[in-house]
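Analysis of the macromolecular model
One letter stands for each residue in the lines below.
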Amino acid sequence: MAGTGTVHLRDPDATLLRVEDLVVEFPVGHSGERVHAVSGVSLDIAPRETLGLVGESGCGKSTTGRAVMQLPPPVAGTVRFDGVDLTTLHGEALRRMRPRLQMIFQDPISSLNPRRRIREIVSEGLDIWEIGAKNDRDAKVDEVLEAVGIDPAGGGRRPHEFSGGQCQRISIARAVVTDPKLIICDEPVSALDVSVQAQILNLLEDMKHRYGLTLVFIAHDLAVVKNVSDRVLVMYLGKMCEVGAPEDLFASPSHPYTGALLAAIPVPDPSVRPDEEHVLGGEVPSPIHPPSGCRFRTRCPKAQERCANEEPTLREVAPNHYVACHFPLEPGELIDFTRVGLGASVVPSPDGHGSSS
Amino acid sequence: MSDARFEESGYGGPLLEVTDLTTSFSTDRGVVRAVDGVSLTLERGKTLGIVGESGSGKTVLSRSIMNLLPKRGLQREGSVRFEGKEISELPADAMRHYWGAQMAMIFQDPMTSLNPVMKIGNQITEAIREHLDVTPDYAGDLAESLLASVRIPEPHVRLNEYPHQLSGGMRQRVCIAVALACGPKLLFADEPTTALDVTVQAQVLDLIAGQQAERFMAMVLVTHDLGVVAGRAERVAVMYAGRVVEEAPTGVLFADMKMPYSEALLASIPKLDAHSHVRLNTIPGRPPDLVHPPAGCKFAPRCPYVQDRCLEEEPPLRAGPTAGHQFRCWFPVGTPEGQEARAKNEREGRVPAAAVAGGH
């Protein structure tokens with residue numbers, strides 16, 4: 001169940017990004033309390049690999065992505081990118097790293113400046129860094145627009161003249177134009193229709209090969225994550241649950257939470273009846289007062305006393321498949337979430353904080 | 001006040017009959033035909049799924065049936081019969097007897113559909129006191145039991161809270177409680193779970209299904225996700241460019257889809273049992289401009305089965321091999337003429353026009 005650990009990390013020399021024991025907290029007003037958004041997450045990505053980060057709203061997946069970008073810098077932990085610990089950099093030194101790390105956001109329309117022309121939006125990174133001569137920059141902008149499937153002749157138009165899918169293509173063009181090494185994609189397709197979603201996922205894959213990109217892909221849709229990822233990290237309430245290759249993780253989920261996520265996916269096949277038994281009940285507890293021990297225990301039917309007292313750390317259950325749980329699932333085991341585990345009575349906090357996550 | 005809840009109509013026909021409904025809006029660019037000649041029937045207690053991409057007219061259709069669209073620049077033709085009574089011509093004050101009491105709606109975004117400065121309890125009792133002749137105390141008790149029935153913990157505490165104090169899933173439960181308050185016979189659920197996490201989505205859909213069975217309530221479930229309707233609806237209508245392009249019992253639709261658009265929509269969903277990095281099937285191009293829709297079949301510019309006839313002549317809704325299955329296509333999926341058309345396109349390298357235009 002949701003825990004910490006670094007056994008899943010690989011040889012630092014073989015990875016482009018290595019994040020260790022990342023902690024991000026935000027103060028709650030002047031109360032002295034803190035939101036524990038990310039509490040000891042470690043991850044690494046090899047060059048040209050895609051890491052999928054999954055979990056429900058409030059699990060800290062977006063915060064982890066932003067902390068890698070130092071937006072804002074984490075409270076504790078290290079973020080080694082290409083041999084440099086970004087958390088030690090400040091001001092100009094950090095700014096110099098920025099063109100090599102880019103982001104793509106969920107809402108394609110609001111992440112583009114409505115008052116600017118799309119050519120200006122895409123070329124801004126090049127202009128700021130004065131990469132190449134003016135002619136070269138224009139050629140580069142044409143090239144990336146062409147690559148994402150936007151006609152460069154329409155570069156004088158503004159974002160509102162494009163559909164959501166096209167705006168997401170423009171966001172991708174803007175991200176790749178500075179030749180970054182790493183792109184953090186924060187729910188890049190969740191605002192799009194299924195048909196458009198498939199186009200954008202294929203495009204990201206093309207871009208990855210064309211520009212040799214490494215991706216962090218943050219999403220809550222497991223089927224989407226499986227399609228794009230080489231490795232998947234499942235998160236819950238600021239902690240890691242399970243890490244592994246998507247094939248292993250989805251074929252035999254080891255963490256009860258991963259099992260619950262998989263059971264909740266609606267299947268486009270009417271012969272499969274939605275089963276209520278395996279649907280996770282309850283709500284995510286407050287990140288201000290997270291449960292002791294394993295943070296998932298309040299919703300886990302397998303939870304025992306040990307889960308409340310001792311935080312599980314990641315351990316290898318199969319080659320390259322790691323889980324942070326004291327009582328992991330056997331292959332093929334389904335859990336009945338109508339039974340609730342230890343500490344379920346702790347879930348609803350009457351002050352209202354408990355459900356405002 | 002007419003207490004519609006306890007009125008027994010004694011009408012034995014279908015609960016909802018929509019015939020040839022056309023809804024258009026006048027805009028600066030011209031007339032947009034958002035819903036174009038749609039006919040639907042829904043029996044009591046049953047669920048009809050309406051599926052389509054953004055801009056297919058599925059939301060306008062449900063609002064048009066409920067008469068909830070802004071009147072400016074709106075033209076509406078066709079008939080909407082609820083329990084046998086024509087309601088499409090009714091003015092707003094007559095519709096008030098239907099809204100909430102007979103038919104209710106749940107919207108996509110639970111935050112914007114609740115009043116942020118009104119306590120949750122008052123938002124529920126508002127509808128109860130409008131339609132049912134009850135005392136404020138009784139309305140309050142009813143609101144509390146409604147919150148309990150949508151499985152909100154500590155309902156008596158929640159009654160005095162505001163929407164921002166609840167999570168997205170809890171807010172959607174409150175919206176469901178508001179919609180169920182007066183015991184409607186028909187519930188429109190417009191993308192009720194699109195804004196929610198997948199685990200919460202499953203909880204909310206289970207909850208709606210439970211309430212539906214308990215209250216023998218019919219439902220129109222509007223969604224872009226074929227996965228959501230697959231397990232939840234008895235019938236599914238697929239919409240494209242304001243028209244129903246295929247309609248069938250859910251099992252029949254998934255087993256034997258005839259319309260290339262339905263096939264393409266289903267194929268574009270990433271499959272959990274597929275391998276990683278598999279190239280996804282896409283639908284080239286984008287939905288047509290509803291101000292100047294293409295002649296012929298509206299899906300033809302994006303269709304892998306397209307033939308010359310499709311570009312000239314719009315196919316009518318015709319009956320499929322199974323009872324209750326109808327679709328609009330000249331070269332249906334899985335038929336000899338459909339296979340021939342697709343094979344011919346592949347031989348000749350004929351790509352749908354929209355795929356060449358590149359404007360995805």
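Residue positions are given per chain, counting from 1 as you read along its sequence in written order. All chains are assigned letters beginning with A, and all ligands numbers beginning with 1, in the order in which they are written. Local features in this predicted model are restricted to residues whose pLDDT is 70 or higher, and side-chain atom pairs enter the listing and the counts only when it is 80 or higher, whereas totals over whole chains, interfaces and linings include all residues. Excluded from the side-chain calculations are hydrogens and water; all other atoms, namely the structure's heavy atoms, are used.

1. A few points about the overall build of chain B
Segments assigned H or I by DSSP are reported as helices when at least four residues long, segments assigned E as strands when at least two residues long, and all are numbered from the N terminus. Along chain B, the regular secondary structure elements total 13 helices and twelve strands. The C-alpha radius of gyration of chain B comes to 22 Å, within 12% of the 21 Å expected for a compact globule of 360 residues. Taking the principal axes of its C-alpha atoms as reference, chain B extends roughly 75 × 50 × 45 Å. Counting over 360 residues, chain B shows a buried share of 54%. Areas reported here follow the Shrake-Rupley algorithm with a probe of radius 1.4 Å; residue values treat only the protein chains shown as occluding. For chain B, the exposed area adds up to about 14,900 Å²; of that, 52% sits on carbon and sulfur atoms. Think of it this way: Lys and Arg go in the positive column, Asp and Glu in the negative one, and His and the chain ends go nowhere. For this purpose, a charge sits on NZ of Lys, CZ of Arg, CG of Asp or CD of Glu. Here chain B holds 37 positive side-chain charges and 44 negative ones, and the gap between their average locations is 3 Å. Each radius of gyration reported is based on C-alpha atoms, and the globular scaling rule is 2.2 Å times the count of residues to the power 0.38. Residue exposure (1.4 Å probe, protein chains only): buried if accessible area is under 20% of the type maximum, exposed if over 50%, otherwise partly exposed.

2. Remarks on the overall build of chain A
Within chain A, the regular secondary structure consists of ten helices and twelve strands. Computed over C-alpha atoms, the radius of gyration of chain A comes to 21 Å, within 12% of the 21 Å expected from 2.2 N^0.38 for 357 residues, which places it in the range of a compact globule. Dimensions of chain A along its principal axes, counting C-alpha atoms only, are 65 × 50 × 45 Å. We call two residues in contact whenever any of their non-hydrogen atoms come within 4.5 Å of each other. Of the contacts formed within chain A by residues at least 6 apart in sequence, a portion of 70% connects residues at least 24 apart.

3. Examining the pairing of strand β9 (residues 231–236) of chain A
Residue and element names in this part refer to chain A. In terms of burial, β9 is largely enclosed, as six of its six residues are buried. Burial along β9 is two-sided: Arg 231, Leu 233 and Met 235 and Val 232, Val 234 and Tyr 236, pointing in opposite directions, are all buried. Bridge count between strand β3 (residues 50–54) and β9: four bridges; the pairing is parallel. Each bridged residue has a counterpart across the sheet, and for Leu 51 the counterpart in β9 is Arg 231. When β9 meets strand β10 (residues 239–244), the two strands line up antiparallel, connected through five bridges. The residue bridging Leu 233 from the neighbouring strand is Val 243, located in β10. At least two bridges found by DSSP between two strands are what make those strands a pair.

4. Notes on the interface of chain A and chain B
One frequent convention defines the size of an interface as the accessible area lost when the parts assemble. Opposite the 55 residues of chain A that make contact, chain B presents 55 residues. Together chain A and chain B conceal approximately 4,300 Å² of surface at their shared face, both sides included; 51% is due to carbon and sulfur atoms. Arg 279 of chain B is the partner of Asp 206 of chain A in a salt bridge, and the nearest nitrogen-oxygen pair spans 2.9 Å. In the analysis that follows, any N or O atom pair within 3.5 Å is treated as a polar contact, provided that within protein one partner can donate a hydrogen and the other can accept it, and provided that, for residues neighboring in sequence, both atoms belong to side chains. At the surface where chain A touches chain B, the tally comes to 18 residue pairs in polar contact (both at pLDDT 80 or more). Elements represented by at least two residues in the side of chain A that touches chain B include exactly α5 (164–176), α6 (194–211), α7 (222–228), α8 (246–251) and α9 (256–263) of chain A. Broken down by element, the residue count for the side of chain A that touches chain B peaks at ten residues, all from α6 of chain A. Classification used: nonpolar for Ala, Val, Leu, Ile, Met, Phe, Trp, Tyr, Cys and Pro, charged for Asp, Glu, Lys and Arg, polar for all others including Gly. Partitioned by chemical class, the residues of the side of chain A that touches chain B number 24 nonpolar, 17 polar and 14 charged. Two parts placed together each lose some accessible area under a 1.4 Å probe, and the buried area is that loss summed for both. A pairing counts as a salt bridge when a side-chain nitrogen of Lys or Arg comes within 4 Å of a carboxyl oxygen of Asp or Glu.

5. Regarding the nonpolar core
Residues Ile 124, Tyr 261 and Phe 299 of chain B are the most contacted members of the largest nonpolar core, which totals 77 residues. In terms of residue count, the dominant contributor to this core is helix α6 (residues 168–180) of chain B (seven residues). Not counting residues within four places of it along the chain, the set of residues in contact with Tyr 261 of chain B comprises Gly 52, Glu 53, Val 238, Met 239, Tyr 240, Val 245, Ile 283 and Phe 299 of chain B. In plain words, nonpolar cores are sets of buried Ala, Val, Leu, Ile, Met, Phe, Trp, Tyr and Cys residues tied together by side-chain atoms within 4.5 Å. Residues Leu 126, Ile 170, Leu 280 and Phe 296 of chain A belong to the second largest nonpolar core, which totals 69 residues.

6. Some remarks on the confidence of the model for chain A
Low pLDDT marks stretches whose predicted atomic positions should not be read closely. As a per-residue measure, pLDDT reflects the predictor's confidence and takes values from 0 up to 100. On average, chain A scores 88 in pLDDT, and the residues at 70 or more come to 93%. Here residues 341–357 of chain A scores under 50 on pLDDT; set against residues more than four positions off or in separate chains, the count is 39 contacts.

7. Digging into the sheet that holds strand β1 (residues 17–27) of chain A
All names here are of chain A. Strands sit in the order β2-β1-β4-β5 across an open sheet of four strands; the sheet is antiparallel. Unpaired on one side and paired on the other, β2 (34–45) and β5 (84–85) mark the two borders of the sheet. Taken together, the nine bridges between β1 and β2 define a ladder with antiparallel strand orientation. Its bridge partner being in β2, Arg 18 is matched across the sheet by Asp 44.

8. Considerations on the pattern of salt bridges
Taken as a whole, this structure holds 45 salt bridges over all chains when the rule is applied. Salt-bridge contacts for Lys 208 of chain A lead to Asp 230 of chain A; the nearest nitrogen and oxygen are separated by 3.4 Å. Of this pair, Lys 208 of chain A sits in helix α6 while Asp 230 of chain A sits in the loop between α7 and β9, placing them 22 residues apart in sequence. Classification of Lys 208 of chain A as buried rests on a relative accessible area of 7%. Put simply, Lys 258 of chain B and Asp 256 of chain B hold a salt bridge, and the shortest N to O gap is 3.0 Å. Since its relative accessible area comes to 7%, Lys 258 of chain B is described here as buried. One salt-bridge network, held together by shared partners, links Arg 33, Asp 36, Arg 243, Lys 298 and Glu 314 of chain B.

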